[in-house]
Amino acid sequence: MKNHQYVTRSTAIAARALGDETMVMSATNSTLFTLDEVASVIWEAADGVTPLEEIVVNKICAQYDIAPGTALQDAQTLVEQLAGHGILLLSDQPLVPSSVSRKEAR
Amino acid sequence: MSGLVVEMAAKALKLNIPLSVQLDLTYRCNERCIHCYLDHDDHGEMTTAEIKHLLDQMADAGVFYLTISGGEIMMRRDFFDILEHARARLFCVKLKTNGVLIREKEARRLRELGVESIQISIYSHRAEVHDAITKLPGSLRQSIEAVRLLRSQGLLVRLANVLMVQNATDYRGVQALAAELDAKFTIDPTITPMMDGDRSILSLNVDQAALQNVFRDQALVGNVEEFCAPPPGVDEDALDMLPCSAGHTACYVSPYGDVYPCVQFPLPSGNVRRTKFVDIWRDSPQLKEVRSITLRDMPSCSQCTHGATCTRCPGLAYLEGNMRGPSSQDCEKSYARTGIPSENYKARHSSPESFSSPKLVQIQGLQPAEHALAAHVVSGGASA
């Protein structure tokens, strides 16, 4: 059975929505990122307890015209990139929700 | 600025989002710098709850960069409580402090809270000069110790060197000190009037010769030939230029909740104790007026060869009596940089008697009397 992947946002970041994009800055090295509209949807839904594939099905495929398999593959690539920069945390177990509420970056 | 930052600023401008806010927590300070533009009394600072509520409003309005300054920010006993709240709302927090009250515990906490950078004012590498400016014996030693503690936590520290008559030749020493401490270095050769309009401290500004030295120092400006190149003049595109980010994507909030376009632009535009931050940002007639001004609307500057490249500060122009007029201090800098006088510079120097010191005229503050911070503007000074 395939393991689920869980994602949550690091607290060592600064973030804010700017229109349909999201600005994210790593507090550890001040690197600035912007997430496009679709990446922002994943960012917003990254609560640590909802599996990535559920986020993709419910938030991406329901809103955009994209096949679930392709969307999940793209999403996995994205979250791995963001995790590599330390702004998202990944786990195969649910992650304890951060003390920062989910709406903070909006 | 990186391309991404420029792109973000352009988008914020288009969406009318206040991307950057400077919030002064207090005007109280443990130093008494001779060039400071603030009075240091407490006229009724916002409470912890009021500041947290304001931070919530600013986050909802889209503020990303939050500069927390003062006064000395650590004079507020609730400083870390406020900072913690700001970081929980995911602001990119920059701090301005003199560092005197920073010990190991404070440095560690700042690192834990993930502040982006800390700017510390250093006026000279020589204690006798620095401490004479701050009027606090031992302050240079304490500020340097703070820099070391902060750097040992891996925090980004910037030494800010404000130039004035007293330390005009010391910037190279401060720059070397920054390198030794593995800190960044910035220099500001402008002493600004006090926020109440008092211009007496302007006499501390360095002269043309000192400005020329700064602008021709490769270690500060990079390519001197390029930096000091003659201005290209003003074309049609330049006439539609906006002066700066003040009021466009940035604003300032005082410890009393007063909102201004910028800390150097004390045009009262609302008070967050009476009006929601976002409503002030969107609807304040004063901010709308500031946003409406392009180079085309500036009678003197639009005709000036420096118009497109000048560092004109609209706040300093406002403090001279006309926010559409020139800022004489920036005219001085343009002249020092290029050797070419601005229109205003020529007028001032050909007939100095008509540009005598402007008299102060008090205008009505926006806040209730118990929180009144006297707002002054100057009139009768240099006209556009």
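Residues numbered from 1 in each chain as written. Chains lettered and ligands numbered in written order. Predicted model: local features only at pLDDT ≥ 70, side-chain atom pairs only at ≥ 80, totals over all residues.

A. How the structure looks around the overall build of chain A. Within chain A, the secondary structure is distributed over three helices and six strands. Along chain A, helices and strands appear, N-terminal first, in the series β-β-β-β-α-β-α-α-β. Counting contacts in chain A only where the partners sit at least 6 residues apart, residues at least 24 apart contribute 57% of the total. (Helix = DSSP H or I, 4+ residues; strand = E, 2+ residues; numbered from the N terminus. Contact = placed C-beta atoms within 7 Å.)

B. Broad picture of the interface of chain B and chain A. Taken together, the contact between chain B and chain A spans 18 residues of the former and 18 residues of the latter. Among the elements that line the side of chain B that touches chain A, the one with the most residues is helix 1 (residues 3–15) of chain B, at six residues. Split by residue class, the side of chain B that touches chain A holds 13 nonpolar, two polar and three charged. (Nonpolar A, V, L, I, M, F, W, Y, C, P; charged D, E, K, R; others polar.)

C. Looking closely at helix 6 (residues 139–152) of chain B. Residues and elements named next belong to chain B. Across its 14 residues, helix 6 extends 20 Å between first and last C-alpha, which sits within 8% of the 20 Å expected from 1.5 Å per residue. What helix 6 keeps buried is the set S139, L140, S143, I144, A146, V147, L149 and L150. In the segment just after helix 6, G154 is the residue with positive phi, at about 80 degrees. (Expected span 1.5 Å × (residues − 1). Buried ≥ 20, exposed ≤ 12 C-beta atoms within 10 Å, placed from the backbone.)

D. Geometry of the sheet that holds strand 5 (residues 47–51) of chain A. Residues and elements named next belong to chain A. An order of 5-1-6 is seen for the three strands of this open sheet, with the pairing classed as antiparallel. Edge positions in the sheet fall to strand 5 and strand 6 (88–91), since each of these pairs with one other strand and no more. Each adjacent strand pair in this sheet contributes to an overall mean axis angle of 25 degrees, direction not counted. Pairing of strand 1 (residues 6–9) with strand 5 involves two bridges; the strand directions are antiparallel. Within the sheet, the bridge partner assigned to Y6 lies in strand 5 and is P51. Packing against the sheet, helix 3 (residues 68–84) makes contact with strand 1 and strand 6, and its axis sits at approximately 115 degrees to strand 6. (Pairing = 2+ DSSP bridges. Axes fitted to C-alpha atoms, helices over the stretch in contact; angles between N-to-C directions.)

E. Structural context of helix 1 (residues 37–45) of chain A. When we look at burial in helix 1 of chain A, the residues that qualify are A39, S40, V41, I42 and W43 of chain A. On its buried face, helix 1 of chain A is in contact with strand 1, strand 3 (21–26), strand 4 (32–35), helix 2 (52–61) and helix 3 of chain A.

F. Seen up close, the pairing of strand 2 (residues 13–18) of chain A. All names here are of chain A. Extensive coverage of strand 2 is indicated by the burial of five of its six residues. Note that strand 2 and strand 3 share six bridges and pair antiparallel. Its bridge partner lying in strand 3, A14 is registered against M25. Linkage of strand 2 to strand 3, two consecutive antiparallel strands, is achieved through a turn of two residues, within which G19 is found at a positive phi near 65 degrees.

Such coordinate-based values are descriptive only and should not be taken to indicate function.
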